[in-house]
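Coordinates in review
Given next are the chains, with one letter for each unit.
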Protein chains: 8
Amino acid sequence: MSVKVGIIMGSDSDLPVMKDAAELLEAFEISYELTVVSAHRTPKRVANYAEQAEDKGIDVIIAGAGGAAHLPGMTAAETSLPVIGVPIKTSKLSGVDSLYSIVQMPGGVPVATVGINGAKNAALLAIQMLGVADNNIRQQMKDYKSEMAEQVKETAAEVEE
Amino acid sequence: MSVKVGIIMGSDSDLPVMKDAAELLEAFEISYELTVVSAHRTPKRVANYAEQAEDKGIDVIIAGAGGAAHLPGMTAAETSLPVIGVPIKTSKLSGVDSLYSIVQMPGGVPVATVGINGAKNAALLAIQMLGVADNNIRQQMKDYKSEMAEQVKETAAEVEE
Amino acid sequence: MSVKVGIIMGSDSDLPVMKDAAELLEAFEISYELTVVSAHRTPKRVANYAEQAEDKGIDVIIAGAGGAAHLPGMTAAETSLPVIGVPIKTSKLSGVDSLYSIVQMPGGVPVATVGINGAKNAALLAIQMLGVADNNIRQQMKDYKSEMAEQVKETAAEVEE
Amino acid sequence: MSVKVGIIMGSDSDLPVMKDAAELLEAFEISYELTVVSAHRTPKRVANYAEQAEDKGIDVIIAGAGGAAHLPGMTAAETSLPVIGVPIKTSKLSGVDSLYSIVQMPGGVPVATVGINGAKNAALLAIQMLGVADNNIRQQMKDYKSEMAEQVKETAAEVEE
Amino acid sequence: MSVKVGIIMGSDSDLPVMKDAAELLEAFEISYELTVVSAHRTPKRVANYAEQAEDKGIDVIIAGAGGAAHLPGMTAAETSLPVIGVPIKTSKLSGVDSLYSIVQMPGGVPVATVGINGAKNAALLAIQMLGVADNNIRQQMKDYKSEMAEQVKETAAEVEE
Amino acid sequence: MSVKVGIIMGSDSDLPVMKDAAELLEAFEISYELTVVSAHRTPKRVANYAEQAEDKGIDVIIAGAGGAAHLPGMTAAETSLPVIGVPIKTSKLSGVDSLYSIVQMPGGVPVATVGINGAKNAALLAIQMLGVADNNIRQQMKDYKSEMAEQVKETAAEVEE
Amino acid sequence: MSVKVGIIMGSDSDLPVMKDAAELLEAFEISYELTVVSAHRTPKRVANYAEQAEDKGIDVIIAGAGGAAHLPGMTAAETSLPVIGVPIKTSKLSGVDSLYSIVQMPGGVPVATVGINGAKNAALLAIQMLGVADNNIRQQMKDYKSEMAEQVKETAAEVEE
Amino acid sequence: MSVKVGIIMGSDSDLPVMKDAAELLEAFEISYELTVVSAHRTPKRVANYAEQAEDKGIDVIIAGAGGAAHLPGMTAAETSLPVIGVPIKTSKLSGVDSLYSIVQMPGGVPVATVGINGAKNAALLAIQMLGVADNNIRQQMKDYKSEMAEQVKETAAEVEE
């Protein structure tokens, strides 16, 4: 089966956050690949990655980056696939810098931004996008939501005691 | 042809921003519907809208809201379709309030957030999502990007003179 | 005696903060109930909770939530009872996101917002609201304020030594 | 009929915002009084106002102020009645200063804070508090909410055309 | 010798910061008193303190407070003596709330604000104010500045090695 | 009579704000001088101004500046007189940049900071400082405060009508 | 004479700001070129521009951009020449987004950032960099600084009158 | 060989950050000197340092400072050499104060600002500036960038496994 989702990040220091996305895709049995692509240290690699993604069968790219977080935006610049941006929390500005750098894209080149360190939600969003083309995946998402609701009710029952 | 994209907003005062999304979808000949659904004044309407969207054939929902902007998040809570959130600029906090209220969703319920007043980019993101299931739409997106690049070069030529 | 105050929160991770409200209500011998209701994971539960609250005799609802903190606002959308919102401190944006999401409500649907992690003050505010209908409770509040003033004077005496 | 709600503000420059509260109370036929009380220029007046409010029959105080907005907090310090704070938008810091000064109260002395310039919501919150003691007022609030929902549906119908 | 400087704070939790002011005044052999006065829990005490300060011989008041930090401003409202405000760092908003609440005073009632947790600088500022009336104190300040410059040069020499 | 207060600013574009300080000093009949001294364009001039101020009889310096507002801090570095800093509102960051640059001084070199564009309050603070050495000035300040209180009461009477 | 400075910007809407850089370089008789290069719409053009700059004789690149301002950082990624970034003021976030996106670069790829809309200072910084290799240019910079100081003194003389 | 780069900082508490600049210059075999110069405690020392720098052969100055970080700006005021500013992270405002104080310089006196705690990038920027006059240094910078790219690829290979 071809790879459906590409997960990239600016540095391996982002891996502890971004692996949440990988784990969730695994739980949904969605094939993915994961690598490091630095917009600033390896700009050509960004272009190459973005251009080859479609040929590999990738339908959605998840890109995480912190600070002057250019990776999601530059990936979006080089591909027509939807790109989901994960602002990584930074030790100095808590990720507000990452968030603004990722979300405030100019007209013409969107990045689908999730919350700071929101790699898990990035994966869920990717799954929802794949669900546009695949009813089985959409059904999986529905089941996931039902399960979440059940868990809240269980927690509520415990708290009420 | 069934409606593919649902555009909703919290108030008709958001219409001057949100119509950018409608216009871009028209330019791409993507069928859409557009209405007002207030999370706070008509909470049941949000639930109904979200639940019926899939049956109407809607694949992606674009929701714009300002201030304590709950509409995108509450729509995402009620559907398994991908929801794109547009933070509307506010007169008091410039849309930082809208941005934080939309993007900082809890794990399990993502909203694909675009920049403040980024309704046009929301439409482009919706088109990229539809492109996951439709190569013609993906091709349209590629053509759009090529055209943008051409326009930059023309502008550059004028500026250089 | 019927329940007077309902305390709800978006997740059991909010419990360490929100139990301050419960403890203060106990000290005032005000009956309350406490549970978990997630706006995003269990939206229907919010509507049900809000609608049934009045029938249970609840006069005031205290709702705590963090991040894109929709629970107080969505509860306020579904009930005519006063709703007090407690913005929970977040690890990423310190609760500014929670504060903006709770306080910046649109015209027509107020949430009585207290400070970040201000669950104790939320309970005091609920007591002041109950005092509108009950002079005994109002008197309790006066006694509480007198006691606080006494404590400051005692602390002052210690510090001055 | 005695006065039920006291509306105070730090300066008459706050009147264009605060009159929204007065107008809404009039629409609900709730008796109120409105005056100027500066925490910084007339501190004794704050104490006197707060102490006499209860004897006048006032059940809720609405206080609006901008900048280092001490009026709501100082009023809350001097009374056991619930105090609603309205942060007034400022020309320099857009009302973030007013919001922080009003909402971040220490434990023991809550102020029920509404959004920046949210005088209308302050009045609705006051009405909800009065509704704790008066079922007619609570019913009025329910009718108001129904009417708001109707208006959204009408607007939606216009927008959809 | 009469007391020259009054140091007050909103809570004894501010003492670890505010004692820096006391220590510096001791080093300059300026007589001072130090106590706890809560603007919110003991508003009358603020008024009394401020009114009696001048009779005690106090020429400058230093007031530290955090969050909705009303103590410096309310003290300034009640006296004609210069009041120096020390914004205390808070666990939630890092002291931005304290800073805005103290510095953004309305026209007519200034507070001389120093940096967040800047109690030492508050004492130096008080000394400079006392120096307006006392050349010996002004000379002490000059000596202090010379000594600081010497220390920098010594540090520089160590670092250069 | 010698000059008591020196008013300086970084640029003549600050004059519309800073003249409020001059006008208030005139109303109090306090002698002052006013000039332009740029920390960045004329650093030597700052040093000279600060060093000569004391010999001219100046007891307090008021310094206004915007952006990376170094003038108040550099003046404070060069003199033992108290320096009052006025953060000027900027078109880009609303004066938050000016405020942080002025108030966040390191230990040893305080600047008495007033609110953004608070030149009038800077003059009142200067007057309070002069009042440390001069009971007549202190009395003037008391009269000023009484008058302010009267004006609030008059305004209140008008608003109440 | 070969071109010494390259001025690029993300959009021709940045031209009213960026032309300040061009005008200052003209006043110093430094040869420059100016064009539009969009990081997001023409990513390949950024790479080409950056790679060819050195061969054209360019020693310094000035890049202006707003919002998720990736142009300066991506240019710096593709060249070893020093890159000066000019954060353009935005209508939504005042340029804080541009500033954070430009200045918070990761280790290894610096951008020399100037203030928001600081195109004139970007040109002066470029001149200072050229002065590292050319004493005539360094002397021009000294003359410019002397002239600025003179202008401040003239302004001061006018204001003092 | 003469000293090429001067590294200065406001306090020896900045040394743990600023030594990154020194280490990188050593790796490039660029001669530098490093010392402590406090803008606020030793203002004359700033002027002297800046004036003598050129005679010592210094071509670029790197200045690090935190809070009301005046050192980079005041150094730039006193020299025609390019000055690179390093905003040091602060415990209270995370370095936003330092950043604004350094980057928001007035027209005429630029500071080349790098990210918060970005001392390493300051050194790289200094090297790029020296490369304007020295092709060997420019080549070293190119080699450095190639090596960085290689390291990313190696990291990527490890992560992909």
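Reading guide: rules and limits
Residues numbered from 1 in each chain as written. Chains lettered and ligands numbered in written order. Predicted model: local features only at pLDDT ≥ 70, side-chain atom pairs only at ≥ 80, totals over all residues. Heavy atoms only, no water. Helix = DSSP H or I, 4+ residues; strand = E, 2+ residues; numbered from the N terminus. Rg over C-alpha atoms; globule rule 2.2 N^0.38 Å. Buried < 20%, exposed > 50% of the residue type's maximum accessible area, 1.4 Å probe, protein only. Areas by Shrake-Rupley, 256 points an atom, 1.4 Å probe, with all protein chains shown as cover. Lys, Arg positive; Asp, Glu negative; His and termini not counted. Charge placed at Lys NZ, Arg CZ, Asp CG, Glu CD. Contact = heavy atoms within 4.5 Å. Buried area = accessible area lost by both parts, 1.4 Å probe. Salt bridge = Lys/Arg side-chain N within 4 Å of Asp/Glu carboxyl O. Polar contact = N/O pair within 3.5 Å; in protein donor to acceptor, adjacent residues only side chain to side chain. Nonpolar A, V, L, I, M, F, W, Y, C, P; charged D, E, K, R; others polar. Least-squares fit on C-alpha atoms with pLDDT ≥ 70 in both.

Observations regarding the overall build of chain A
Assigned secondary structure in chain A consists of six helices and five strands. Walking chain A from its N terminus toward its C terminus, one meets helices and strands in the order β-α-β-α-β-α-β-α-β-α-α. Against the 2.2 N^0.38 benchmark of 15 Å for 161 residues, chain A shows a C-alpha radius of gyration of 16 Å, consistent with a compact globule. Reported as C-alpha extents along the three principal axes, the dimensions of chain A are approximately 55 × 40 × 30 Å. Put simply, chain A has 161 residues, and 68% of those count as buried. Put simply, chain A shows about 5200 Å² of open surface, and 44% of that area lies on carbon and sulfur atoms. In chain A, 13 side chains carry a positive charge and 21 a negative one; their mean positions are 6 Å apart.

What about the interface of chain A and chain B?
In this assembly, 40 residues from chain A lie in contact with 40 residues from chain B. Both faces considered, chain A and chain B share a buried interface measuring about 3400 Å² in area, 57% of it formed by carbon and sulfur atoms. Of all residues in chain A, Ser-80, Pro-110 and Val-132 of chain A give up the largest surface area on contact with chain B, accounting jointly for 17% of the area buried on that side. For Arg-138 of chain A, the salt bridge identified is with Asp-59 of chain B, shortest N-O distance 2.9 Å. Applying the counting criterion to the chain A and chain B interface returns 20 residue pairs in polar contact (both at pLDDT 80 or more). Of all elements in the fold, only helix H3 (71-78), helix H4 (96-103), strand E5 (112-113), helix H5 (119-131) and helix H6 (135-160) of chain A reach the threshold of two or more residues within the side of chain A that touches chain B. Examining the composition of the side of chain A that touches chain B, we find that seven residues originate from one element, H5 of chain A, more than from any other. Partitioning the side of chain A that touches chain B into residue classes produces 25 nonpolar, nine polar and six charged.

Some thoughts on the environment of Glu-154 of chain H
Residue and element names in this part refer to chain H. Counting through the fold element by element, Glu-154 comes out in helix H6 (residues 135-160). Take Glu-154: its relative accessible area is 51%, and that puts it in the exposed class. With 26 residues separating them in the primary sequence, Glu-154 and Gln-128 have C-alpha atoms 26 Å apart.

As for the relation of the copies chain E and chain D
The two copies are related by a screw operation: chain E maps onto chain D through 180 degrees of rotation and 0.0 Å of translation along the axis, at an RMSD of 0.0 Å. The operation mapping one copy onto its partner corresponds to a two-fold rotation axis. The C-alpha atom lying nearest the rotation axis in chain E is that of Ser-101 of chain E; the distance is 2.4 Å. Looking at chain E, 100% of its interface residues are interface residues in chain D too, so the copies touch through the same face.

Here we look at helix H4 (residues 96-103) of chain E
In terms of burial, H4 of chain E is largely enclosed, as eight of its eight residues are buried. Listed in full, the buried residues belonging to H4 of chain E are Val-96, Asp-97, Ser-98, Leu-99, Tyr-100, Ser-101, Ile-102 and Val-103 of chain E.

Considering the relation of the copies chain A and chain B
Superposing chain A onto chain B requires a rotation of 180 degrees together with a translation of 0.0 Å along the rotation axis, leaving an RMSD of 0.0 Å. Looking at the interface residues of chain A, 100% of them are also at the interface in chain B, so both copies use one shared face.

Don't take any of this as a statement about function, it's just geometry.
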